[in-house]
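Structural overview
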Amino acid sequence: MRIRTRTLQEVWGLVAHSLSGRLLALTILYVLASGALIFLPAIGLYEHELLDDHILSAELTVMPFTSPGGQDLPEGLRQDLLKHANADEVVLKRPWQRDLFQIGMMHSRIDRTIDLTGDTLLKDIANGVECLFDGGARTLHVIAPTRIRDATSIAIILSEEPIRSALLIYARRVIGAAAFISGLTGALVYLTLFYFVVRPMQRITRAMGSFHEDPEDAGRILVASGRADEIGVAEQELAAMQRDLHGFLRQKARLAALGAAVARIQHDLRNILANAQLASDRLAASEDPAVKRLAPRLMTAIDRAIALATTTLKYGRAEEALPHREAFALRPLVEEAATAALECQPPGGFDNRIEAGLTIDADREQMFRIVLNLMRNACEALHGEGTLTVTAGRRNGAVEIEFSDTGPGIPEQVRAKLFQPFVSAARPGGSGLGLAIARDLARGHGGDLVLVSTGREGTVFRLSLPMTVRVRTGALHTRAP
C-alpha cells in the first residue's frame, strides 16, 4: 500500500510540477473532452439506428400479409414470418383501419412512446441518454413512417432491454476507443513537444544553473544550437548575455587587480614624487630665467601626480572623493589643460572659444582631470592632423562644454561600451580609463558626459555641469543663468 501511495505521489509530482507532465495531462484531458462531445451524438444516433432496424424488420414481416392473398397463407408460415418482426406487437395504420399483428406477449401498459416521424438530432441524443442511464425493463411504443402501400405509419411495441444492452456494448466500445485515441494522441503530442520544446528548455535551464555556479568560467557559457525559431533566439540572447556578464566580471577582476597593484606601489611612488618635489623646490631657487619659468609648471605637475597617485586607489575601490566646489573661470583652466597636453596637440591648432567671463562652480582639480582626459583622447585620435575646438555656454540651468575634433570618428563596435573601463577608442596602447574616469567625475558633480556625435567629420563630446554655488550652510542652490 505504501508503494502504491509513493508511486501516486511521484506521478502527481510529475504532472503538477513539470512542464512535460502538464502537457501530457492537458492533451489527454482535451482529447477526452472532444470525445465526450462526440459520444453523446453517437449514442443518440445509434439508438435511432437500432429502432429503425426493428421498424424495418416489422415492415418486412407484415408486408406479405398486406399483399393480395396474404390472408390465405398457411398458419404455420404466418407464425414463422411473425417471429422475425423483433417486436411483440405491430400496428399498421391505414386511412380506414388499423391492423394489429400480435407476435409475442401482450403488454398491459406503455412506459414510453418514441415518435420517429418528426425526429431531430437533439431528440435522438435525449432518447439515447435516457435509455442508457434510466432504461431497463420498460415497454416502448415506437412510431415511424412506413413504405408499405396504403399505410400512413407503423408502430411497434417491444421491451427496452435489448435496446439498452446494445447501447451499453456500443458505449463501452466508444469509451475504449476514445481512451485509446486520447492516450495515443497525448503520447504523440507529448513526445513532439518534449523533443522540440521541453528538452531545449531543459538545456537552457541547465546552462543557466551551471553558469550561475561559476560565471567566471567561460566554458559554462551556453553554445547556441543554431535553431531559427523562438527557442533558438532565446539561446542566442542567453549566450550573448552570459558573454557580456563574463566580460564584465573579467573587467571587475582586472579593476580589483589594478587596485591591489596600486595599493602596493602607492607608498613607494609617493616617496619618489616627494624626492622630485624637493628637487623642484631647489630648482625654484635657481637664478636661470628658463628654470624660473619652467619650475612652477614642474611643481604643479608633481603636486598633481601625488594627488593622482593617492586617488587612483580610490577609483579602483569606486570611492572617488566628493567634489570640493568653488567658483572659477573656465577658460584659463582649459588653457592650462591644453598646455599639459602639448605633447599630442595637433599641428592644426587648438581653438579655445570659451568666453573669458564664463565661470563654473566645481571642483577645480577634478575639472582639470576631466578636461585633460578629453583633450588627450582627442589629440591621440587626430594622429597629428586636425583641429580640436572647445566651446561652452549656459543652457537649461547648466554649463555645457563641448569638445569637437576633426578626427576619423569612433568605431561603431566601441560606441556601446565607450564609457566602460578598459575600453579604448583612440589607440591600442591606451589604458581605456580616461573616459570612464571623466564620466564618473562629471556625475559626481551632478552632471554627465555624453557622446553627441561621431563620424568621418569628427567627434563631439558634451560635458554638462549644473550651475550651483555652495553657501555657508553647505546646501546647494541653483544659480539663475
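Right above here is the structure, for reference.
Residues numbered from 1 in each chain as written. Predicted model: local features only at pLDDT ≥ 70, side-chain atom pairs only at ≥ 80, totals over all residues. Heavy atoms only, no water.

This part covers the nonpolar core. By size, the foremost hydrophobic cluster in this structure holds 41 residues, and its most contacted members are Leu330, Met367, Met375, Ile401, Leu449 and Leu463. The next biggest cluster of nonpolar side chains, apart from the first, holds 28 residues, and it includes Val90, Cys131, Ile154 and Leu158. (Core = buried A, V, L, I, M, F, W, Y, C linked by side-chain atoms within 4.5 Å. Buried < 20%, exposed > 50% of the residue type's maximum accessible area, 1.4 Å probe, protein only.)

Within the span of helix H8 (residues 330–340), buried status applies to Leu330, Leu333, Val334, Ala337 and Ala338. When H8 is viewed along its axis, its buried side chains cluster within an angular range of 140° and face the same direction. Contacts from the buried residues of H8 go to strand E6 (326–329), strand E7 (350–352), strand E8 (359–362), helix H9 (364–382), strand E9 (388–395) and strand E10 (398–405). (Helix = DSSP H or I, 4+ residues; strand = E, 2+ residues; numbered from the N terminus. Arc of directions from axis to C-beta. Contact = heavy atoms within 4.5 Å.)

Its place among the elements puts Arg138 in the loop between helix H4 (121–134) and strand E4 (139–144). Assessed through its relative accessible area of 17%, Arg138 is described here as buried. Only 2.7 Å separates the side chain of Arg138 from the side chain of Glu160, close enough to count as a polar contact. Leaving out residues up to four positions away in the same chain, Arg138 has contacts with Asp111, Arg112, Glu130, Cys131, Leu158, Ser159 and Glu160. (Polar contact = N/O pair within 3.5 Å; in protein donor to acceptor, adjacent residues only side chain to side chain.)

The subject of this paragraph is the sheet that holds E9. Judged by pairing direction, the sheet is mixed, and its 5 strands sit side by side in the order E7-E9-E10-E12-E11 without closing on themselves. Of all the strands in the sheet, the pair left with one neighbour each is E7 and strand E11 (448–455). Taking the axes of each pair of neighbouring strands and ignoring which way they run, one obtains an average angle of 15° across the sheet. Of the pairings in the sheet, the one linking E10 to strand E12 (residues 458–466) comprises 8 bridges and is antiparallel in character. Residue pairing in the sheet places Ala398 in a bridge with Pro466 of E12. Sheet strands in contact with H9 are E7, E9, E10, E11 and E12, and its direction is about 20° off that of E10. Lying on the sheet, helix H11 (residues 434–444) is in contact with E11 and E12; it crosses E11 at an angle near 135°. (Pairing = 2+ DSSP bridges. Axes fitted to C-alpha atoms, helices over the stretch in contact; angles between N-to-C directions.)

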